[in-house]
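Residue strings, one per chain:
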Amino acid sequence: MKQPANAEISLKKEQLVIHLSKSMEKSFLALKNPKARAAYVEAELVNSLAHQIRIIRQQRGLSQRQLAEKLGTTQTTVSRLEDPSYGRYSMRSLLALSKVFDTAILVRFMPFSRFMPDTWDTHPKNFEALSYEDEAPLVHFYTENKNGAHIVLNESKSVALYESKNIFSESSQHLIESCYM
């Protein structure tokens, strides 16, 4: 199904100016070369997956052998998955890891202006991911009342009111609104 031309124009109008840090300038400009872009995406993807697998395994207190047992594979295979030079991940193996780690996994196409900042900070804390069971007690839900304030209910069913403009970042507010449209 072909999308109308005005949808493309609308998308372009929404992102008139994109700001990246000065430290990213040289790297971003090097991406003018299509081969450099492809190499950058592959390197960042492979490196970040390998590091994240290792970091989450360690976060869970698992050895490579223990993770291998949960995956139904060998310690050597887990070692390869944690090796940035390996780079042969299948969707099946990533989904299996997601299941064992009890996390979601996201594969998404995006513009380089979002990809670069997302991959720029490689601090190990950025690669950790709570399991659903560990995260669930931390999640609260809100509803909007007639005055535009958000009513947040926590487990004790106590209520807190927040002005919608002050509680959520613009991107998370957009995400929340899009889920309820």
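By convention here, each chain's residues receive numbers from 1 onward along its written sequence. Two thresholds apply to this predicted model, a pLDDT of at least 70 for residue-level local features and 80 or more for giving and counting side-chain atom pairs, whereas whole-chain, interface and lining totals are computed over all residues. Side-chain calculation: all heavy atoms of the structure are included, whereas hydrogens and water are not.

**Observations concerning the overall build of the chain**
Put simply, the test is: Labels follow the DSSP assignment, with helices taken as runs of H or I lasting at least four residues and strands as runs of E lasting at least two, numbered in each case from the N terminus. Contact criterion: two residues are considered in contact whenever any of their non-hydrogen atoms come within 4.5 Å of each other. Only the protein chains shown count as cover for residues, and all accessible areas are computed by the Shrake-Rupley method using a 1.4 Å probe.
A tally of regular secondary structure across the chain gives 10 helices and three strands. Reading the secondary structure of the chain in the N-to-C direction produces α-α-α-α-α-α-α-α-β-β-β-α-α. Long-range pairs, those at least 24 residues apart, make up 54% of the contacts in the chain with a sequence separation of at least 6. Entry remark: accessible area of the chain is about 14,000 Å², with carbon and sulfur atoms responsible for 56%.

**Digging into helix α6 (residues 91–101)**
We count it as follows: Buried means the residue's accessible area, taken with a 1.4 Å probe over protein chains only, is under 20% of the maximum for its type, while exposed means over 50%, and partly exposed covers the values in between. Arc definition: directions from the helix axis to the C-beta atoms.
Within α6, burial applies to S93, L94, L97, S98 and F101. Viewed along the axis of α6, the buried residues span an arc of 140°, placing them on a single side of the element. Within α6, the exposed residues directed more than 90 degrees away from the buried face are R92 and K99. Where α6 is buried, its residues meet α3 (34–59), α4 (64–71) and α5 (75–81).

**Thoughts on unusual backbone geometry**
One can expect most non-glycine residues to show negative phi and most peptide bonds to be in trans. In this structure, D102 is a non-glycine residue whose phi angle is positive, near 60°. Among the structural elements, D102 can be located in the loop between α6 and α7 (112–120).

**Overview of the side chain of S131**
Note the cut-off: Whenever a nitrogen or oxygen atom comes within 3.5 Å of another N or O atom, the pair is scored as a polar contact, on the condition that within protein one atom can donate a hydrogen and the other can accept it, and that pairs from neighbouring residues in sequence are kept only if both atoms are in side chains.
Topologically, S131 is positioned in the loop between α7 and α8 (132–135). At a separation of 3.2 Å, a polar atom in the side chain of S131 contacts the main-chain amide nitrogen of D134. Residues in contact with S131, not counting those within four places in the same chain, are R60, F101, D102 and T103.

**As for the confidence of the model for the chain**
To keep it simple, the criterion reads: Per residue, pLDDT captures the predictor's confidence, and it can take any value from 0 to 100.
With 72% of its residues at a pLDDT of at least 70, the chain reaches an overall mean of 82. Of the regions scoring below 50 in pLDDT, residues 157–181 engages in 26 contacts with residues more than four places distant in sequence or in other chains.

**Observations regarding the packing of aromatic side chains**
So the rule is basically this: Paired rings are identified among Phe, Tyr and Trp, the last through its six-membered ring, by centres lying within 6.5 Å, and are further divided according to the angle between planes into stacked (under 30 degrees), edge-to-face (over 60) and tilted (the rest).
Counted by the stated rule, this structure contains two aromatic pairs. With a centroid separation of 5.6 Å and an interplanar angle of 85°, the aromatic rings of Y40 and F115 are classed as edge-to-face. Taken together, the residues Y40 in helix α3 and F115 in helix α7 connect sequence positions 75 residues apart. Pair check on accessibility: Y40 and F115 agree, each one buried.

**Description of the nonpolar core**
What counts is decided by this rule: Residues belong to a common nonpolar core when they are buried Ala, Val, Leu, Ile, Met, Phe, Trp, Tyr or Cys residues joined through side-chain atoms within 4.5 Å.
Counting residues in each nonpolar core, the largest one holds 15 residues, and the members touching the most others are I53, L67, L81, Y89, L94, L97 and F101. Among the elements of the structure, α3, α4, α5 and α6 are those that each provide at least two residues to this core. If one sorts the elements of this core by residue count, α3 sits on top with five residues. Ignoring anything within four residues of it in the chain, the contact list for L81 reads A50, I53, Y86, Y89, S93 and L97.

**Digging into the pattern of salt bridges**
The line we're drawing: Salt bridge, as used here, is a side-chain nitrogen of Lys or Arg placed within 4 Å of a carboxyl oxygen of Asp or Glu.
For the structure on display, the rule yields three salt bridges. K22 is the salt-bridge partner of E25, the closest N and O atoms lying 2.4 Å from each other. We note a salt bridge from E82 to R57, for which the minimum N-O separation is 2.4 Å. Taken as a pair, E82 in the loop between α5 and α6 and R57 in helix α3 lie far apart in primary sequence, 25 residues in all. What makes R57 buried here is its relative accessible area of 9%.

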